[in-house]
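# A look at the structure
Each chain, letter by letter, is given below.
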Amino acid sequence: MTRAPALCATHARALARALTFAAALGLAGCDSGGTGGFSGYVEGDLVFIGPTEAGRVTALLVEEGTQVKAGQVLAKVEDDLQTADRDAAAAQLKEAEARLANARSPLQRPEEIAVLEASERRAAAALDLSRIELDRQKTLVPKGASSQANLDSAQHLYDQNQAALDEAQRRIAAARIASRIQDIEAAEQAAQTAKANLAAAQIRLDRRSVKAPADGPVQTVYYRPGEMVPEGRPIVSVLPPGLVKVRFFVPEAQLPKVKAGAPVTVTCDGCAPFTAKVSFIAAQAEYTPPVIYSREERSKLVYMVEARPDDPAKAKPGQPVNVTLGAVP
């Protein structure tokens, strides 16, 4: 059966605080100021762990009381849609990378460039032949062995072949040029966008495996395989050792004795005393009667104080305790 973690935790804290207030006020009324003992209880700030998107639980890998490590998979939620999104993003990235490679590559294929190079060699050979003929005509004409017309024809043929060679070389250079810089930049941006989309899709898929953010015991399991987890609701709760604290209440008259960072001794029924350090002192009283603060009424004011145990394993959340100032002798 599914439980409501927020509601249960609220009721439990309200009940514990109400009982502790009564004990603290009773102590304030009967304490002569010499004992220095304060009533309180142990509280743990649970870490609620669940998926960021709604889904059905497909696997539960822990039970209540299981000690887990940071990064350990606690449960899995159906991920069909997230897997499909990841695969689609991967395909889009491959397409974008292919377009980028095409933009960076020459405009013509190597086979086509080879044909142009053959044309270049043919034009170079024709130019060499026409140069030889032009040089021969330049030698014969002064001797009268050839006419000026033949020299002019040889010069014209040489010029034609020189132009043909220049054209072949320019065709090869143009074939080897890639797309315009703007086209390449656009293809690069498209590839970067596709890569980011794939990373985001992979993150959404990874989050379908619910992992522990810190070490600690599993406190409560709220959903089991087959149950639908709404968005923002936890599947399990974990209590990291660093989030255990002792909360106690100090009468107004004794508040100056409590200092942040000071050691305190915590005792409870059936357990060995342990030490803690004051980590928080409330700025306002927890109980303020709607009367003038006479000397008699000031004794009813209590201030909440929190202390972090030196050994969190000795503190059990919900356990009533008594706190005295100073470390264990």
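Described below are features of the structure shown in this document.

What counts and what doesn't
Residues numbered from 1 in each chain as written. Predicted model: local features only at pLDDT ≥ 70, side-chain atom pairs only at ≥ 80, totals over all residues. Heavy atoms only, no water. 1 Å grid on protein atoms, 1.4 Å probe; cavity = no way out; pocket = protein on both sides within 12 Å on 5 of 7 lines; lining within 4 Å. Points joined across faces, edges and corners; volume = space filled by probe spheres on them. Helix = DSSP H or I, 4+ residues; strand = E, 2+ residues; numbered from the N terminus. Pairing = 2+ DSSP bridges. Core = buried A, V, L, I, M, F, W, Y, C linked by side-chain atoms within 4.5 Å. Buried < 20%, exposed > 50% of the residue type's maximum accessible area, 1.4 Å probe, protein only. Contact = heavy atoms within 4.5 Å. Phe/Tyr/Trp six-rings, centres within 6.5 Å; stacked < 30°, edge-to-face > 60°. Expected span 1.5 Å × (residues − 1). Salt bridge = Lys/Arg side-chain N within 4 Å of Asp/Glu carboxyl O.

## A look at the layout of surface pockets
- If you add up the space inside the second largest pocket, you get close to 220 Å³.
- Lining the second largest pocket are 15 residues; nearest its centre among them are Gln67, Pro217, Leu239, Pro312 and Ala313.
- Broken down by secondary-structure element, the contributors of at least two residues to the lining of the second largest pocket are β4 (67-68) and β7 (216-221).
- The element best represented in the lining of the second largest pocket is β7, accounting for three residues.

## Overview of the sheet that holds strand β9 (residues 236-238)
- Spatial ordering of the open sheet is given by β2-β9-β7-β4, a layout of four strands whose pairing is antiparallel. Edge positions in the sheet fall to β2 (47-49) and β4, since each of these pairs with one other strand and no more.
- Here β2 runs beside β9; their pairing, made up of three bridges, is antiparallel. Among the inter-strand pairings, Val47 is bridged to a residue of β9, identified as Val238.

## Looking at the nonpolar core
- In this structure, Val246, Phe248, Val264, Val266, Val321 and Val323 are the most contacted members of the largest nonpolar core, which totals 19 residues.
- Listing elements by their share of this core, those giving two or more residues are β1 (37-44), β10 (244-251), β11 (263-268), β12 (271-285), β13 (302-309) and β14 (320-325).
- Looking at this core, the element that brings in the most residues is β10, giving four residues.
- Residues contacting Val321, with those up to four places away along its chain left out, are Phe38, Ser39, Gly40, Tyr41, Val42, Val246, Val266, Thr267 and Cys268.
- Val57, Val210, Val218 and Val236 belong to the second largest nonpolar core, which has 18 residues in total.

## A word on the packing of aromatic side chains
- Counted by the stated rule, this structure contains three aromatic pairs.
- Between Phe48 and Tyr222, the ring centres sit 6.2 Å apart and the planes meet at 45°, which makes this aromatic pair tilted. With Phe48 in strand β2 and Tyr222 in the loop between β7 and β8 (228-229), this pair connects stretches of sequence that are 174 residues apart.
- The class of Tyr222 is buried, set by a relative accessible area of 5%.

## A closer look at helix α2 (residues 80-104)
- Here α2 spans 37 Å end to end across 25 residues, near enough to the 36 Å set by a 1.5 Å rise per residue.
- Those residues of α2 lying buried are Gln82, Ala89, Leu93, Ala96, Leu100 and Ala103.
- Tucked into the core, α2 has its buried residues touching α5 (181-206).

## Observations concerning the environment of Asp152
- Tracing the chain through its elements places Asp152 in helix α4 (residues 148-176).
- Along the chain, Asp152 and Lys138 lie 14 residues apart, while their C-alpha atoms are 9.7 Å from each other.

## Details of the pattern of salt bridges
- Tallied over the full model, the rule gives 11 salt bridges.
- One salt bridge connects Lys245 with Glu43, and the closest N-O pair in it is separated by 4.0 Å. Of the two residues, Lys245 sits in strand β10 while Glu43 sits in strand β1, which places them 202 residues apart along the sequence. The burial state of Lys245 is the same as that of Glu43; both residues are buried.
- Through salt bridges with shared partners, one network takes in Glu43, Asp45, Lys245, Arg247 and Glu306.

These results come straight from atomic positions and should not be treated as a statement about function.
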